[in-house]
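Each chain is listed here by its residues.
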Amino acid sequence: MYSVPGRRTRILAATTATAGLLLVAGCSSDSGGGKTTTASGVPLVKSGQLTTCTHLPYPPFQSEIDGKVQGFDVSLIDLVAQDLGVKQAIVDTPFENFKTGAFLNSEQCDLAAAGMTITEERKKNVDFSDPYFDATQAVLVDKKSGVTSLADVKAKGVKLGAQAQTTGEDYAKKQGFDPVSFESSDAVLSGLRSGQVQAVVIDYPVVQGWLKDKANADAFKVADNINTGEQYGFTVKKGNTKLLAAINKAIADAKADGTYKKLYEKWIGPYDAAAASASPSAS
């Protein structure tokens, strides 16, 4: 199994209410040549399960809660698995693989779900589903910093942090910052808590999750919201049209029957109707 020094790739159990956390050493023997198909003709890398690559933790989209991987992305892909008559299994991998599609191309996973923004650059390596979430960037700062905006971060020479390989980091660099780069969203928050940085730029839903914790809400505040026009999509190996169609159908059905709204309110917060009306042609 592909690995990156310092980060162990893990396969985690399907996240139904009764499933527990499972760590598996090594790769699935059904990878590659052992590929199977569902009754509806959708190809799977392992029989009986829809294997999802993600990058943990990234609440509220995916994180370990009470020994299970849960979140908004997880719940939506559970709907896809249900439609296909299988269960979802989750593989925790380095985020950089989502840009290249490495784990999809090597057939370690059927799809990737990682709160990933749809970009033209990424489309060169993977095929994206229809957008399922509109995202904005937030600037979270230490209340003691006196910072009131991203421009103020620069004006006051405050140290800025961001998650590596993300559009938030890219945006900060385009604005002339040299942000401290953290591997995960948890590391971003730790950097802010420890004083390594006094401000961070990261997806607003992540910040919303952090501020539900009273200690975080007492210490930090949102100084700026930046609408970068970003939308999230799930990805599959280029050319995997049958799985892509199944994902798009599950998203559309969930929006039509109210399931999307319920999941949004559970994981994200007050329902934003704009998130459900994203154009499939948006990028």
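Note that the structure is a prediction, hence the values are computed from the model and not measured. (Residues numbered from 1 in each chain as written. Predicted model: local features only at pLDDT ≥ 70, side-chain atom pairs only at ≥ 80, totals over all residues. Heavy atoms only, no water.)

## Points about the pairing of strand 10 (residues 133-142)
Looking along a regular strand, one sees the side chains alternate between the two faces of the sheet. The buried fraction of strand 10 is high, at 7 of 10 residues. Of the pairings in the sheet, the one linking strand 10 to strand 14 (residues 220-232) comprises 9 bridges and is antiparallel in character. The residue of strand 14 that forms the bridge with A138 is N225. Summarising the sheet, strand 10 and strand 13 (residues 199-203) pair through 5 bridges and their orientation is antiparallel. (Buried < 20%, exposed > 50% of the residue type's maximum accessible area, 1.4 Å probe, protein only. Helix = DSSP H or I, 4+ residues; strand = E, 2+ residues; numbered from the N terminus. Pairing = 2+ DSSP bridges.)

## Description of helix 10 (residues 241-257)
Each turn of an α-helix holds 3.6 residues, which means side chains three or four residues apart point in the same direction. Compared with an ideal rise of 1.5 Å per residue, which puts 17 residues at 24 Å, helix 10 spans 24 Å between its outermost C-alpha atoms and is within 8% of the ideal. Residues of helix 10 that are buried make contact with strand 4 (49-54), helix 1 (72-84), strand 8 (111-112), strand 9 (126-128), strand 15 (235-237) and helix 11 (259-267). Phi turns positive one or two residues past the end of helix 10, at G258, with a value near 95 degrees. (Expected span 1.5 Å × (residues − 1). Contact = heavy atoms within 4.5 Å.)

## Quick notes on the sheet that holds strand 14
Strand order in the open sheet formed by 5 strands is 12-11-13-10-14, with mixed pairing between adjacent strands. In the strand order of this sheet, the two ends are held by strand 12 (180-182) and strand 14, each with one partner. Looking at each pair of strands side by side, their axes are set apart by 25 degrees on average, direction ignored. Bridging between strand 11 (residues 160-163) and strand 12 involves 3 bridges; their strand directions are parallel. Its bridge partner lying in strand 12, Q163 is registered against F182. (Axes fitted to C-alpha atoms, helices over the stretch in contact; angles between N-to-C directions.)

## As for the confidence of the model for the protein
For the protein, mean pLDDT is 84; residues scoring 70 or higher make up 84% of the total. Looking across the protein, the model is least confident in strand 1 (residues 10-12), with a mean pLDDT of 45, and most confident in helix 10, with 98. Here residues 1-11 is modelled with pLDDT under 50, and outside its nearest four sequence neighbours on either side it reaches 36 contacts, counting other chains as well. Contacts of residues 13-34 to residues separated by more than four positions or lying in other chains number 45 contacts, the stretch itself having pLDDT below 50. (pLDDT = per-residue confidence, 0-100.)

## Some points on helix 11
Every buried residue of helix 11 is listed here: Y260, L263, Y264 and W267. The arc enclosing the buried residues of helix 11, seen along the axis, measures out at 105 degrees, which places them on a common side. Across helix 11 from its buried face, at more than 90 degrees, point the exposed residues K262 and K266. Among the residues trailing helix 11, G269 stands out with phi positive, at a value near 145 degrees. (Arc of directions from axis to C-beta.)

## Digging into unusual backbone geometry
Between L56 and P57 the backbone carries a cis peptide bond, its omega angle lying at -10 degrees. Within the secondary structure layout, P57 lies in the loop between strand 4 and strand 5 (63-65). Cis geometry marks the peptide bond from P59 to P60; its omega dihedral reads 5 degrees. Relative to the assigned elements, P60 resides in the loop between strand 4 and strand 5. Even without glycine at this site, E107 takes up a positive phi of about 60 degrees. Position of E107 among the secondary structure elements: in the loop between helix 3 (102-105) and strand 8. Using a relative accessible area of 13% as the deciding quantity, one classes E107 as buried.

## Digging into the environment of V74
Of note, V74 is situated in helix 1. As a C-alpha pair, V74 and A113 span 39 residues in sequence and 7.7 Å in three-dimensional space.

## Digging into the pairing of strand 11
The two faces of strand 11 match: L160 and A162 on one face and G161 and Q163 on the other face are all buried. In terms of strand pairing, strand 11 meets strand 13 through 3 bridges, oriented parallel. Paired with A162 across the two strands is V201, which belongs to strand 13. In this fold, strand 11 hands off to helix 6 (residues 167-174), which returns the chain to strand 12; that crossover is right-handed. (Right-handed = clockwise from strand over helix to strand, strands pointing away.)

## Observations regarding empty space enclosed by the protein
The rolling of a water-molecule-sized probe over the atoms marks out the regions of remaining empty space. If you walk through the whole model with that rule in mind, you get 3 cavities of 30 Å³ or more. One number sums up the size of the largest cavity: a volume of about 110 Å³. Around the largest cavity, the lining comprises 13 residues; the ones closest to its centre are Y58, F95, A114, G115 and T166. Here the residues of the lining of the largest cavity are counted per class, giving 5 nonpolar, 6 polar and 2 charged. There is about 40 Å³ of room inside the second largest cavity. The wall of the second largest cavity is formed by C53, N97, F98, G101, A102, F103, L104, A112, V126 and T235. Breaking the lining of the second largest cavity down by element, the ones donating at least two residues are helix 2 (96-100) and helix 3. Counting residues per element, the lining of the second largest cavity draws most heavily on helix 3, at 3 residues. In the lining of the second largest cavity, the residues fall into 7 nonpolar, 3 polar and no charged. (1 Å grid on protein atoms, 1.4 Å probe; cavity = no way out; pocket = protein on both sides within 12 Å on 5 of 7 lines; lining within 4 Å. Points joined across faces, edges and corners; volume = space filled by probe spheres on them. Nonpolar A, V, L, I, M, F, W, Y, C, P; charged D, E, K, R; others polar.)

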